[in-house]
Amino acid sequence: MAGHSKWANIKRQKAVVDAKRGKTFTQLSRAIIVAARSGVPDPALNFQLRTAIDKAKAASIPNDNIERAIAKGAGTSGGDNATFEAIRYEGYGPGGVAILIEALTDNRNRTAADLRVAFSKNGGNLGEVGCVSWMFDQKGVCVVQGVVDEEQLLEASLEGGAESYEMTEDEMAEVFTDIGNLETLSQTLKNQGFKVSDAELRWIPSNSVEVTEPDQARSLFKLIDTLEGLDDVQNVTANFEISEELMALSIS
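Just so it is clear, the model here is predicted, and its values are computed rather than measured. (Residues numbered from 1 in each chain as written. Predicted model: local features only at pLDDT ≥ 70, side-chain atom pairs only at ≥ 80, totals over all residues. Heavy atoms only, no water.)

Q: Would you mind going over the sheet that holds strand β4 (residues 125-126) with me for this structure?
A: Strand pairing in a sheet relies on backbone hydrogen bonds. The paired strands run either parallel or antiparallel. A sheet is described by the order of its strands in space; here 4 strands give the open sequence β4-β2-β3-β10, paired in antiparallel fashion. Two strands close off the open sheet at either side, each with one partner strand: β4 and β10 (233-238). Pairing geometry for strand β2 (residues 85-92) and β4, over 2 bridges, is antiparallel. If you follow Tyr-92 over to β4, its bridge partner there is Asn-125. (Pairing = 2+ DSSP bridges. Helix = DSSP H or I, 4+ residues; strand = E, 2+ residues; numbered from the N terminus.)

Printed below as a string of structure tokens:
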């Protein structure tokens with residue numbers, strides 16, 4: 001579909017606009033807390049924590065805040081002992097677009113209520129667990145910058161156990177692997193001299209819905225913005241494609 005954006009590209013272009021608002025300190029700090037709690041609180045020994053810290057630094061979160069989040073996750077900070085759990089929610093947006101929401105919450109009733117309101121006010125509905133997740137596969141993804149030799153990238157990707165790769169922009173690629181192999185792939189690419197700007201787990205839609213109506217596109221982006229604006233929400237994934245022109249009108 002020439003001239004159309006799939007979800008990964010939509011996310012990148014949205015990120016440029018969203019950066020003006022910024023991912024909240026709360027959302028990024030929670031990711032650090034959970035990563036520190038689920039493994040050792042040392043980023044050198046905990047890939048999930050190291051990745052969460054990198055994203056926090058990229059968002060200009062002060063080191064003091066990062067250290068406090070690590071201490072809270074390790075249980076050495078005293079004070080607030082709120083326990084966060086990772087929960088996945090699923091629903092439908094305008095036009096039947098499938099939406100997955102990953103949340104970190106200390107109150108699942110509050111989170112579900114907030115999500116239900118966001119969906120209902122923006123032409124969608126929150127569904128039951130499993131209603132759309134069958135349309136997605138979770139993969140590990142390394143975003144690689146400065147790719148000038150695609151053959152070299154292919155060799156390094158194969159060595160790192162990658163399943164596939166895709167050139168997404170000039171000198172930029174995404175390399176896909178099994179979720180359990182993400183750290184190995186990331187380290188292999190770095191050892192081969194590639195700049196890995198992000199390493200994350202991502203839900204990849206197996207089919208997609210094309211959005212062609214301006215009103216539907218605006219409602220859909222408003223819903224996604226509302227969901228991403230909730231403190232409990234860490235990530236939103238949807239399975240639609242949209243023309244570059246319509247997207248520019250809808251997210252500007």
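Q: Mind showing me how you'd approach the domain arrangement of the protein here?
A: Often, the extent of an interface is quoted as the loss of accessible area on bringing the components together. Taken domain by domain, the protein comprises domain 1 (15-74), domain 2 (85-134 + 207-249) and domain 3 (136-205). The interface is formed by 4 residues belonging to domain 1 together with 6 residues belonging to domain 3. Of the roughly 390 Å² buried between domain 1 and domain 3, counting both surfaces, carbon and sulfur atoms make up 55%. Here domain 1 is connected to domain 3 by 3 salt bridges. Measuring nitrogen to oxygen at the nearest pair gives 3.8 Å for the salt bridge that ties Asp-198 to Lys-55. Residue composition of the side of domain 1 that touches domain 3, by class: 1 nonpolar, 1 polar and 2 charged. (Domains from an automatic or database assignment. Contact = heavy atoms within 4.5 Å. Buried area = accessible area lost by both parts, 1.4 Å probe. Salt bridge = Lys/Arg side-chain N within 4 Å of Asp/Glu carboxyl O. Nonpolar A, V, L, I, M, F, W, Y, C, P; charged D, E, K, R; others polar.)

Q: I would appreciate a short explanation of the packing of helix α5 (residues 108-121) against helix α8 (residues 214-228) in the present structure.
A: Working note: a packed helix pair is described by the angle between its axes plus the distance between those axes. Between α5 and α8, the shortest axis-to-axis distance is 9 Å and the interhelical angle comes to 165°. Compared by their axis directions, α5 and α8 come out roughly antiparallel. In this structure, α5 crosses over α8, and the sense of that crossing is right-handed. Residue-level contacts link Leu-115, Ala-118 and Phe-119 of α5 to Leu-223, Thr-226 and Leu-227 of α8. Classifying every residue of the contact of α5 with α8 gives 5 nonpolar, 1 polar and no charged. (Axes fitted to C-alpha atoms, helices over the stretch in contact; angles between N-to-C directions. Parallel < 35°, antiparallel > 145°, perpendicular 65-115°, else oblique. Left-handed = near helix turned anticlockwise from the far one by under 90°.)

Q: Please clarify how the environment of Gly-146 should be interpreted in this entry.
A: Mapped onto the elements, Gly-146 comes out in the loop between β5 (136-145) and α6 (150-159). Spatially, the C-alpha atoms of Gly-146 and Val-196 are 9.3 Å apart, while their sequence positions differ by 50 residues.

Q: What's the story with a negative patch on the surface in this structure? I'm lost.
A: Among the surface-exposed residues, Asp-149, Glu-150, Glu-151 and Glu-155 lie close enough to one another that they form a single negatively charged patch. Within the secondary structure layout, Asp-149 lies in the loop between β5 and α6. (Patch = residues over 30% accessible without salt bridge, like charges linked within 9 Å, V, L, I, M, F, W, Y side chains within 5 Å. Areas by Shrake-Rupley, 256 points an atom, 1.4 Å probe, with all protein chains shown as cover. Lys, Arg positive; Asp, Glu negative; His and termini not counted. Charge placed at Lys NZ, Arg CZ, Asp CG, Glu CD.)

Q: Can you help me understand helix α4 (residues 63-74) in this one?
A: Residues separated by three or four positions in an α-helix point in the same direction, a consequence of the helix having 3.6 residues per turn. Its 12 residues place the ends of α4 16 Å apart at the C-alpha level, agreeing with the 16 Å of an ideal helix rising 1.5 Å per residue. Ile-66, Ala-69, Ile-70, Ala-71 and Gly-73 are the residues of α4 that are buried. At its buried positions, α4 is contacted by α2 (25-38) and α3 (47-58). (Expected span 1.5 Å × (residues − 1). Buried < 20%, exposed > 50% of the residue type's maximum accessible area, 1.4 Å probe, protein only.)

Q: I keep staring at the UniProt feature "domain: TACO1/YebC-like second and third" (unreviewed entry) in the protein and nothing clicks. Help me out?
A: Residues given the UniProt feature "domain: TACO1/YebC-like second and third" (unreviewed entry) here are residues 84-240. Across residues 84-240 one finds 31% helix and 39% strand; the C-alpha atoms that close the span lie 30 Å apart. (UniProt positions renumbered as here; feature names shortened; annotations may be inferred.)

Q: Help me understand the pattern of salt bridges, please; the structure alone is not making it clear to me.
A: Side-chain pairing between opposite charges can occur once the charged atoms of the two side chains come close. In total, this model carries 12 salt bridges according to the counting rule given. Salt-bridge contacts for Arg-110 lead to Asp-232; the nearest nitrogen and oxygen are separated by 3.0 Å. Of the two residues, Arg-110 sits in helix α5 while Asp-232 sits in the loop between α8 and β10, which places them 122 residues apart along the sequence. Each of Lys-55, Glu-174, Asp-198, Glu-200 and Arg-202 takes part in salt bridges that share partners, so that together they form one network.

Q: How should the side chain of Gln-216 be read in this particular structure?
A: Within the element layout of this structure, Gln-216 appears in helix α8. In this structure the side chain of Gln-216 is engaged in a polar contact, spanning 3.4 Å, whose partner is the backbone oxygen of Pro-94. Residue contacts for Gln-216: discarding those within four places in its chain leaves Pro-94, Gly-95 and Val-211. (Polar contact = N/O pair within 3.5 Å; in protein donor to acceptor, adjacent residues only side chain to side chain.)

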